[in-house]
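Summary of structural features
Given next are the chains, with one letter for each unit.
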Amino acid sequence: MITINDISISYERQIIDSLSLSLPDNNIHGIVGLNGAGKTTLLNTIFGLKKPDSGSILFDGIKLSKKEISYMTTENFFYMGITGEEYLNLFKNEKFELNQWNKLFSLPLNQTISKYSTGMKKRLALMGILKQNKPIMIFDEPFNGLDIEACRIIRSILLGLKEQGKTIIITSHIIETLTNLCDYIHYLENGKIKYSKIRTEFDDFQKELFENIEQKNNKLINYILKN
């Protein structure tokens, strides 16, 4: 289990405020929140890119290490002059069957990455994550820039990884992608986890979330439209 104990994180202002959260193993956890809520900051801190001002993050009671995590960021950065295959060769895993995986992703692995579209780069980054085969996998907005088929492929892969015992943390601005995939959804607001919901509570969670957003904005929308 990943246990986040009372962490606080700040840049020029405080982003995460005394946040505590438990993430049970072998589950898919969705992190939801409005823009600026601190989702990416939280993921960066779990991975170790950002050191918390206070608090701790443990994995099965021991300080969490980068060695146990693979992290697919929202924006994928590559050396443009290398090929897709050369990029994947940076990760060592003799059991990874590249040709079989590429039957799913259909990437021109012999071409330089500079020729790849946004969706192709996203698929290449995902293959790199899969090849690393870490016990904890983090995906920040993995469905951005992908077509319908690729989104469904990723969904099936993530469900399969969970069955293999992986712990998966994922964010998405499209709430339906999380309610159809996750075992838990954790709502981040004002730097804290406001609440966590299990699958049987997702319908009520989604309804409450949308109603709150509409109530917050409808008065102003109606005023603007009438004037």
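Look up a bit, the structure's there.
Presented here is an overview of the structure given in this document.

Definitions and cut-offs
Residues numbered from 1 in each chain as written. Predicted model: local features only at pLDDT ≥ 70, side-chain atom pairs only at ≥ 80, totals over all residues. Heavy atoms only, no water. Helix = DSSP H or I, 4+ residues; strand = E, 2+ residues; numbered from the N terminus. Buried < 20%, exposed > 50% of the residue type's maximum accessible area, 1.4 Å probe, protein only. Contact = heavy atoms within 4.5 Å. Pairing = 2+ DSSP bridges. Axes fitted to C-alpha atoms, helices over the stretch in contact; angles between N-to-C directions. Salt bridge = Lys/Arg side-chain N within 4 Å of Asp/Glu carboxyl O. Core = buried A, V, L, I, M, F, W, Y, C linked by side-chain atoms within 4.5 Å. Expected span 1.5 Å × (residues − 1). Bend = angle between axes of the 7 residues up to and from the residue.

1. Re unusual backbone geometry
With phi around 55 degrees, N133 is a residue other than glycine that occupies positive phi space. Mapping N133 onto the fold places it in the loop between helix 4 (118–132) and strand 7 (136–140). For N133, a relative accessible area of 41% corresponds to the partly exposed category. A positive phi angle, near 55 degrees, is found at E141, a position not held by glycine. Given the relative accessible area of 3%, E141 is considered buried.

2. What to know about the side chain of N102
Topologically, N102 is positioned in helix 3 (residues 98–105). Given a relative accessible area of 16%, N102 falls into the buried group. Ignoring anything within four residues of it in the chain, the contact list for N102 reads L107, L109 and M127.

3. Describing the sheet that holds strand 2 (residues 14–23)
Read from one edge to the other, the open sheet built from 4 strands follows the order 2-1-4-5, with strand pairing classed as antiparallel. At either margin of the open sheet sits one strand with a lone partner, and together these are strand 2 and strand 5 (62–63). Pairing between strand 1 (residues 2–10) and strand 2: 6 bridges, direction antiparallel. From the neighbouring strand, I2 faces strand 2, where its bridge partner is L23. Of the strands in this sheet, strand 1, strand 2 and strand 4 (54–59) are in contact with helix 1 (residues 39–47), which crosses strand 1 at around 120 degrees.

4. What to know about the pattern of salt bridges
The full count for this structure, using the stated rule, is 3 salt bridges. In this structure, the salt-bridge partner of D17 is K192, at a minimum N-O distance of 3.8 Å. With D17 in strand 2 and K192 in strand 10 (residues 192–198), this pair connects stretches of sequence that are 175 residues apart. For D17, a relative accessible area of 26% puts it in the partly exposed group.

5. A few points about the sheet that holds strand 6 (residues 69–72)
Strands sit in the order 6-7-8-3-9-10 across an open sheet of 6 strands; the sheet is mixed. If you trace the sheet from one side to the other, it starts and ends with strand 6 and strand 10, each paired once. The average undirected angle you get between the axes of adjacent strands in this sheet is 15 degrees. Pairing geometry for strand 3 (residues 28–32) and strand 9 (residues 184–189), over 4 bridges, is parallel. What sits directly across from H29, in strand 9, is Y184. Here helix 4 sits on the sheet and contacts strand 6 and strand 7; the angle it forms with strand 6, its principal contact strand, is near 175 degrees.

6. Re the nonpolar core
Core analysis: the largest hydrophobic core is formed by 44 residues, its most contacted members being L124, F139, L158 and I170. L21, I31, L64 and Y71 belong to the second largest nonpolar core, which has 25 residues in total.

7. Observations concerning helix 7 (residues 202–226)
In a regular helix each residue adds 1.5 Å, so 25 residues correspond to 36 Å; helix 7 covers 35 Å between its end C-alpha atoms and thus fits that length. Taken as a whole, helix 7 carries its principal kink of about 40 degrees at N217. Taken together, the buried positions of helix 7 are occupied by F202, F205, Q206 and L209. Looking at the buried residues of helix 7, the elements they touch are strand 3, helix 6 (175–179), strand 9 and strand 10.

From the geometry alone we can't say anything about function, so treat these as descriptive.
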